[in-house]
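Working through the structure, step by step
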Amino acid sequence: DSRMWSGLVNSFIIAFAVIAVSLPLGLAGAFLVSRLDSRYNTLIYGIMVSPLLTPGIILGISTLIFWREAGVSGGLFTAAIAQASYISSYTMLMFMARLERQDISLEEAAKDLGASHLQVFRRITMPFLKPTILTASVIALLQSIENYNTTIFSIGGDHTLVTEIGSRMRFGLSPAVNVIGIIFVVITIVCAALYVIFREREKARAAAIAG
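Procedures and definitions
Residues numbered from 1 in each chain as written. Predicted model: local features only at pLDDT ≥ 70, side-chain atom pairs only at ≥ 80, totals over all residues. Heavy atoms only, no water. Axes fitted to C-alpha atoms, helices over the stretch in contact; angles between N-to-C directions. Helix = DSSP H or I, 4+ residues; strand = E, 2+ residues; numbered from the N terminus. Parallel < 35°, antiparallel > 145°, perpendicular 65-115°, else oblique. Left-handed = near helix turned anticlockwise from the far one by under 90°. Contact = heavy atoms within 4.5 Å. Nonpolar A, V, L, I, M, F, W, Y, C, P; charged D, E, K, R; others polar. Buried < 20%, exposed > 50% of the residue type's maximum accessible area, 1.4 Å probe, protein only. Polar contact = N/O pair within 3.5 Å; in protein donor to acceptor, adjacent residues only side chain to side chain. pLDDT = per-residue confidence, 0-100. Phe/Tyr/Trp six-rings, centres within 6.5 Å; stacked < 30°, edge-to-face > 60°. Lys NZ or Arg CZ within 6 Å of the ring centre and 35° of its normal. Core = buried A, V, L, I, M, F, W, Y, C linked by side-chain atoms within 4.5 Å.

Glancing now at the packing of helix α2 (residues 41-53) against helix α4 (residues 76-99). Put simply, α2 and α4 touch, their axes get as near as 7 Å, and they point 130 degrees apart. Overall, the two elements α2 and α4 adopt an arrangement that is oblique. The handedness of the crossing between α2 and α4 is left-handed. On the side of α2, the interface is formed by Tyr45, Met48, Val49, Pro51 and Leu52, while α4 contributes Ser85, Tyr86, Ser89, Tyr90, Met92, Leu93 and Met96.

Structure representation (structure tokens):
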């Protein structure tokens, strides 16, 4: 089914673009809220998470209208931007939760020893945030691929796998849709099982080293 395959390819193109945009934005927002000592932190935090409370239809339509005024028609680019506008809020919350557990004294000690801000970020902060970066990437990937409301109103004449399935559902169920559903369920179960297995192995390895 050529349209299904092209929709799947478009879904992954958009998803990787969303990861590339939402992770830096989320990390920047997390640093701004976590490290900025200001009485306006609550207001800034509310603005940062407001896209999560905005309906996907509004995000998609507003993105399409904005970029159309700039001469950019609806397509994969506008769909990626529309998705990243709220997925970056998810990544920001994940980075904030991780940064709250970081020992700031390590960064201060490194600066006292002559390290630059870039060196502190690269050698101390980034290794500490590595697990969250991987988790946020997976969450952003899944959020992007399964998104329908925002994508359908911002993608213009292009399509993703989800929007193609949605358009076909209006004419009733088909074997192709059923098979795709089963495949995704199986992939999800396999990935979850592998994650649990590798995590338990890492715990056992850490326990053995500690013992």
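Attention now goes to the packing of helix α3 (residues 56-69) against α4. It is at 9 Å that the axes of α3 and α4 come closest, and there the two elements cross at 130 degrees. With respect to each other, α3 and α4 are oriented oblique. Every pair of crossing elements has a handedness; the one defined by α3 and α4 is right-handed. When α3 is examined against α4, the residues Leu59, Gly60, Thr63 and Trp67 are found in contact with a partner set consisting of Phe77, Thr78, Ile81, Ala82, Ser85 and Tyr86. Residues that form the contact of α3 with α4 fall into these classes: six nonpolar, four polar and no charged.

It is worth spelling out the environment of threonine 151 at this point. Within the secondary structure, threonine 151 sits in helix α7 (residues 149-152). Accessibility expressed as a relative area gives 0% for threonine 151, which makes it buried. In this structure the C-alpha to C-alpha distance between threonine 151 and alanine 70, which are 81 residues apart in sequence, comes to 19 Å. In contact with threonine 151, not counting residues within four places along its chain, are Ala79, Gln83, Thr160 and Thr163. Looking at threonine 151, its side chain comes within polar contact range of the side chain of glutamine 83, at 2.6 Å.

Of the residues in the protein chain, 100% reach a pLDDT of 70 or more, and the chain-wide mean stands at 87. Summarising per-element confidence for the protein chain, the mean pLDDT is lowest in helix α5 (residues 104-112) (82) and highest in α4 (92).

Tallying each qualifying case throughout the model produces five aromatic pairs. When the centroid spacing of 6.0 Å and the interplanar angle of 55 degrees are considered together, the rings of phenylalanine 31 and phenylalanine 121 count as tilted. Taken together, the positions of phenylalanine 31 in helix α1 (residues 2-35) and phenylalanine 121 in helix α6 (residues 117-146) put the pair 90 residues apart, joining distant regions of the chain. Residue classification places phenylalanine 121 among the partly exposed positions, given a relative accessible area of 28%. Through a chain of ring-to-ring contacts, three or more aromatic side chains come together here, namely Phe66, Trp67 and Phe77. Sitting above the plane of the phenylalanine 128 ring, arginine 98 keeps its charged end 4.1 Å from the centroid.

Membership of the largest hydrophobic core comes to 22 residues, with the highest contact counts inside it found for Ile14, Val18, Ala30 and Phe95. Every element with two or more residues in this core is listed here: α1, α4 and α6. Top contributing element to this core by residue count: α4, with nine residues. Residues within four places of valine 18 in sequence aside, it is in contact with Leu23, Ala80, Gln83, Ala84, Ile87 and Ser144. Judged by nonpolar contacts, the second largest core, of five residues, contains Met4, Leu161, Ile165 and Val177.

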